[in-house]
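Coordinate analysis (summary)
Below are the chains, spelled out letter by letter.
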Amino acid sequence: MAMSVGGDSAEKPMSDINTTPLVDVMLVLLIIFLIAVPVAIQTVKGIKLPSVVFDPTTTKPENVSLSVTGNDGACQVYWGVTPVTHQELLDRAVAKLKTEIDRQGGPGNPDLELPEAHIRADINTPWKCVAGTIYNMQMAGFAKVGFISQPKGGGA
């Protein structure tokens, strides 16, 4: 830094701003952003994320409607309105899938439409309850397991 020492008696006060510290700070910030931005933007090439659109659920009579609640670590699953244990859920799901396949002409039918499992879960239900239900339905052979949610009001 430079300091002005007077010589003239009609000297004016110095009004120049020392910009060196400002430039130093800006350079440090520039280097930090150059390093941090590529780390924050890392993505896998070729992945296209789905666009979120509200699709109304088509309810078919063969679909399975499940409700899941849970509190204090205890999970409760309902098949329709009937409470079931996880083993009963698995047994009922296997029986439902087998009945539906037989009704449509067996596994060799090229137009076979398998039923779907629709899960309604309370907002305060622990994730392990929902995940266990999904796992049981997939173990039974259900290829499509989806969630039913309440859309926000004020839509089109």
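Before reading on, note that the structure itself is shown above.
Residues take numbers from 1 onward in each chain, read along the sequence in its written order. With the structure being a predicted model, the display of local features is reserved for residues of pLDDT at least 70 and the display and counting of side-chain atom pairs for 80 or more, all residues being used for whole-chain, interface and lining totals. Derived side-chain values reflect all non-hydrogen atoms in the structure, with water molecules and hydrogen atoms excluded from consideration.

When the terminal C-alpha atoms of helix α3 (residues 127-140) are compared, their 20 Å separation across 14 residues agrees well with the 20 Å that a helix rising 1.5 Å per residue should span. Among all positions in α3, only C129, V130, T133, I134, N136, M137 and A140 are buried. Down the axis of α3, the sector holding all buried residues measures 160°, keeping them to one side. When the buried face of α3 is taken as reference, the exposed residues oriented beyond 90 degrees from it are W127, K128 and M139. Note on α3: the residue one or two positions beyond its end, G141, has a positive phi of about 115°. Here a strand is any run of E in DSSP of at least two residues, a helix any run of H or I of at least four, and the numbering for each starts at the N terminus. The span expected for a helix works out to 1.5 Å for each residue beyond the first. Three exposure classes are used, based on accessible area relative to the maximum for each residue type with a 1.4 Å probe and protein chains only: buried under 20%, partly exposed in between, and exposed over 50%. Arc, as used here, means the arc of the directions from the helix axis to the C-beta atoms.

This brings us to the nonpolar core. As used in this record, nonpolar core signifies buried Ala, Val, Leu, Ile, Met, Phe, Trp, Tyr and Cys residues forming a set joined through side-chain atoms within 4.5 Å. Counting 18 residues, the largest nonpolar core has V64, L66, W79, L89, A93, M137 and F142 as its most contacted members. For this core, the elements supplying multiple residues, two or more each, are β1 (64-71), β2 (74-79), α2 (86-103), β4 (117-121) and α3. Take this core: its biggest share by element is five residues, from α3.

So, about the sheet that holds β2. Note on pairing: DSSP must find at least two bridges between two strands before they are called paired. Strand order in this open sheet of five strands is β3-β2-β1-β4-β5, and the pairing throughout is mixed. The sheet is open, and its two edges are formed by β3 (82-84) and β5 (145-147), each paired on a single side. Sheet twist, expressed as the mean angle between neighbouring strand axes with direction ignored, is 30°. Where β2 lies against β3, three bridges are found, and the strand directions are antiparallel. Opposite Y78, over in β3, you have P83 as the bridge partner. The contact rule is simple, with two residues in contact once any of their heavy atoms fall within 4.5 Å. Angular values range over 0 to 180 degrees, each being the angle between N-to-C directions of two axes fitted as lines to C-alpha atoms, with helices fitted over their stretch in contact. Taken strand by strand, α2 contacts β1, β2 and β3, and its axis lies near 25° from that of β2.

It is worth spelling out the side chain of N63 at this point. Relative to the elements of secondary structure, N63 occurs in the loop between α1 (20-40) and β1. At 3.0 Å, the side chain of N63 forms a polar contact with the backbone nitrogen of E116. In this structure N63 touches T58, P115, E116 and H118, once residues within four positions along its chain are discounted. Whenever a nitrogen or oxygen atom comes within 3.5 Å of another N or O atom, the pair is scored as a polar contact, on the condition that within protein one atom can donate a hydrogen and the other can accept it, and that pairs from neighbouring residues in sequence are kept only if both atoms are in side chains.

Our next topic: the pattern of salt bridges. Should their charged atoms come close, side chains of opposite charge can pair. The salt bridge definition used is simple: a Lys or Arg side-chain nitrogen within 4 Å of an Asp or Glu carboxyl oxygen. Inspection of every chain in the model, using the stated rule, returns two salt bridges. Across the pair E113 and K60 runs a salt bridge whose closest N-O atoms are separated by 3.7 Å. With E113 in the loop between α2 and β4 and K60 in the loop between α1 and β1, this pair connects stretches of sequence that are 53 residues apart. Using a relative accessible area of 31% as the deciding quantity, one classes K60 as partly exposed. We note a salt bridge from R103 to E100, for which the minimum N-O separation is 2.3 Å. Remark: E100 and R103 occur in helix α2; sequence separation between them is three residues, near one turn of the helix. We classify R103 as exposed; its relative accessible area is 56%.

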